[in-house]
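# Reading the structure
In case you want the letters, here they are:
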Amino acid sequence: MKILAKDKVAELLEKIAQQAEVYVPMAIEQGSGFYPWTEDNKNQPLLLDALNVYNSPKYILFPQTERMYDLKQQGQDLSIDQTHEDSSPRVIFGVRACDARALRSLDDVFLTRGFEDSFYKARRDNVTVIGNACYAPGANCFCEAMGVDLTEPEADVILRDAGNDGYIWESKTETGDKLTRAVAEFLNDKETKAPEAKSFQTQVDYDGVAEKLKGMFEHPLWEKMAEPCVNCGACTYICPSCHCFDIQVKMWGDSGYRFRCWDSCMYAEYSAEAGGGNPRPSGVERFRNRFLHKLEFFSERYGYSLCTGCGRCTIVCPAGVRITDIIKAIKEVDSSVGL
Ligand code: SF4
Ligand code: SF4
């Protein structure tokens, strides 16, 4: 098997950075997340031992704000001047299984079912993902319950931490094979073993929840569960799989540009309609929509949950809302009560 010695990681990143923009998990002033491996950032320690960094790699494929195209207006006519599709090569290093699953959900949303988002596609076609297998889930992790194998991130290459022996380097795709050939000088042949995965500290039973939710749209449980929520939207911004966006235009005289930016279903404006109506005017309705989308609607459409069990929303919520408590409450409640 191929092994990457731990003291060769920085050199390997240097080599990859000659051909592509490299993103690594590290903590900088903005908090921990995936940041470019640049001269300014290189002296920060890599967080390859940390489980989830605060910010997921979502923004690398789906930036929080993205300029789409420049516009020119002549009378009643609008013309597109320049389209800003970004196909620069990028490598994301050290992605955990929950975040790799979230990237798959973005792929499904932006690239399948008869529609391709060209801005997302330009980035996605040029991204190589290096996963980092987990063997000791953290206090808020519950990916396994959501159908994610913590030791098998859906990535082009998987790193497995074999302690003093280094990282086992396993290529999983043709893109991974190409990268492996490009960095062969840093990989040794050696036999070693990956550790055994430890048990999850957070136990969640999601089995049957998506099906049960089909009959719970009007259930009084939503009122109770939504009570602490202040609709701040923090859970949606931090979530690696939330993908809603708004498109806005900025014009100066007869020229300007269109851009998109992340939006949140927790905000009243999100579902506001031009005619003045709003199908989800209350916080409870918006809260219900978020969790139905995560736990029911997405799985009906794509066959797996939109929650990857990363635990981030539990950590950031100022009101103590925990998606694991919500799953448990749905699982236990009598779905016919109050209907
Ligand atoms: S972070 Fe908590 S309080 Fe804020 S919108 Fe999400 S569930 Fe509600
Ligand atoms: S809903 Fe919460 S636990 Fe699930 S993927 Fe999003 S941030 Fe992670």
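Look up a bit, the structure's there.
My aim in this report is to walk through the structure given alongside it, one point at a time. (Residues numbered from 1 in each chain as written. Chains lettered and ligands numbered in written order. Predicted model: local features only at pLDDT ≥ 70, side-chain atom pairs only at ≥ 80, totals over all residues.)

### Comments concerning the site of ligand 2
Put simply, the rule reads: Nearness here is judged by the C-beta atom: place it from the backbone, and if it falls within 6 Å of a molecule or strand, the residue counts as near that partner. For this scheme, ten residues count as nonpolar: Ala, Val, Leu, Ile, Met, Phe, Trp, Tyr, Cys and Pro. Four count as charged, namely Asp, Glu, Lys and Arg, and the remainder, Gly too, count as polar.
Close contacts around ligand 2 come from 13 residues, with C239, C307, C310, R312 and C313 the closest. Tallied by class, the residues present in the shell around ligand 2 amount to 7 nonpolar, 4 polar and 2 charged.

### Let's talk about the sheet that holds strand β4 (residues 65-74)
Cut-off, in case you're wondering: One requirement defines pairing of two strands: DSSP has to find at least two bridges between them. Runs of E in the DSSP output that reach at least two residues are strands. Runs of H or I that reach at least four are helices, and both are numbered from the N terminus. Interaxial angles span 0 to 180 degrees and are taken between N-to-C directions of axes, which are lines fitted to C-alpha atoms, for helices over the stretch in contact.
Spatial strand order, β5-β4-β12-β11: 4 strands in an open sheet with antiparallel pairing. Two strands close off the open sheet at either side, each with one partner strand: β5 (77-83) and β11 (245-252). Taken over all neighbouring pairs, the strand axes of this sheet differ in orientation by 30° on average, direction set aside. Note: β4 against β5, 6 bridges, orientation antiparallel. Pairing of Q73 across the sheet is with L78, part of β5.

### Some details on the nonpolar core
Here is the rule: Joining buried Ala, Val, Leu, Ile, Met, Phe, Trp, Tyr and Cys residues through C-beta atoms within 7 Å gives a set, and that set is a nonpolar core. Whether a residue is buried, exposed or partly exposed is read from the other C-beta atoms within 10 Å of its own C-beta, which are placed from the backbone; 20 or more gives buried, 12 or fewer gives exposed, and intermediate counts give partly exposed. This entry defines residue contacts through backbone-placed C-beta atoms, with two residues in contact when those atoms are within 7 Å.
Grouped together as the largest cluster of nonpolar side chains are 68 residues, with contacts concentrated most on I92, I130 and C143. For this core, the leading source of residues is helix α3 (residues 97-111), giving 5 residues. When sequence neighbours within four positions are dropped, the list of residues in contact with I92 reads Y23, F34, P57, I60, V127, V129 and I130.

### Here's the deal with the environment of C242
Position of C242 relative to the elements: it lies in the loop between α8 (234-238) and β11. Classification of C242 as buried rests on a count of 28 C-beta atoms within 10 Å. For the pair C242 and I16, spaced 226 residues apart in the sequence, the C-alpha separation amounts to 29 Å.

### Some thoughts on the sheet that holds strand β8 (residues 157-161)
Pairing is mixed across the open sheet formed by 8 strands, whose spatial order is β3-β2-β6-β7-β8-β9-β1-β10. Strand pairing shows two members of the sheet lacking a second neighbour, β3 (31-36) and β10 (187-189), which therefore form its edges. Going across the sheet, the axis of each strand differs from the next one's by a mean of 30°, ignoring polarity. As paired elements, strand β1 (residues 2-4) and strand β9 (residues 167-171) share 3 bridges and run antiparallel to each other.

### Focus: the site of ligand 1
Not every one of the 13 residues close to ligand 1 is listed here, only the nearest: C229, C232, C235, C317 and V321. When the residues that make up the shell around ligand 1 are grouped by side-chain class, the tally is 11 nonpolar, 2 polar and no charged.

### Looking at the pairing of strand β12 (residues 255-262)
Two elements, β4 and β12, share 7 bridges in a ladder whose sense is antiparallel. Directly across from R67, in β12, lies its bridge partner F259. One ladder, built from 8 bridges, connects β11 with β12; its direction is antiparallel. What sits directly across from W252, in β12, is S255. In textbook terms, the turn of a hairpin is the stretch between consecutive antiparallel strands, and for β11 and β12 this stretch comprises 2 residues, one of which, G253, has a positive phi near 60°.

### Side note on the environment of R124
By the secondary structure assignment, R124 is in helix α4 (residues 118-124). A C-alpha to C-alpha distance of 9.9 Å links R124 and F110, two positions 14 residues apart in sequence. The residues touching R124, leaving out its near neighbours within four places in the chain, are L61, D107 and L111.

### Some thoughts on the environment of G94
Within the secondary structure layout, G94 lies in strand β6 (residues 90-95). Among residues more than four places away in sequence, those in contact with G94 are V24, P25, L48, I130 and N132.

### Side note on helix α9 (residues 283-302)
To be explicit about the condition: Multiply 1.5 Å by the residue count of a helix minus one, and that product is the helix's expected span.
Along its 20 residues, α9 runs 27 Å from first to last C-alpha, staying within 8% of the 28 Å computed at 1.5 Å per residue. Among the residues making up α9, those that are buried are R286, F287, R288, R290, F291, K294, L295, E296, F298 and S299. Where α9 is buried, its residues contact α6 (209-213), α7 (221-226), α8 and α11 (323-332). Looking one or two residues past α9, G303 carries a phi angle of roughly 90°, positive in sign.

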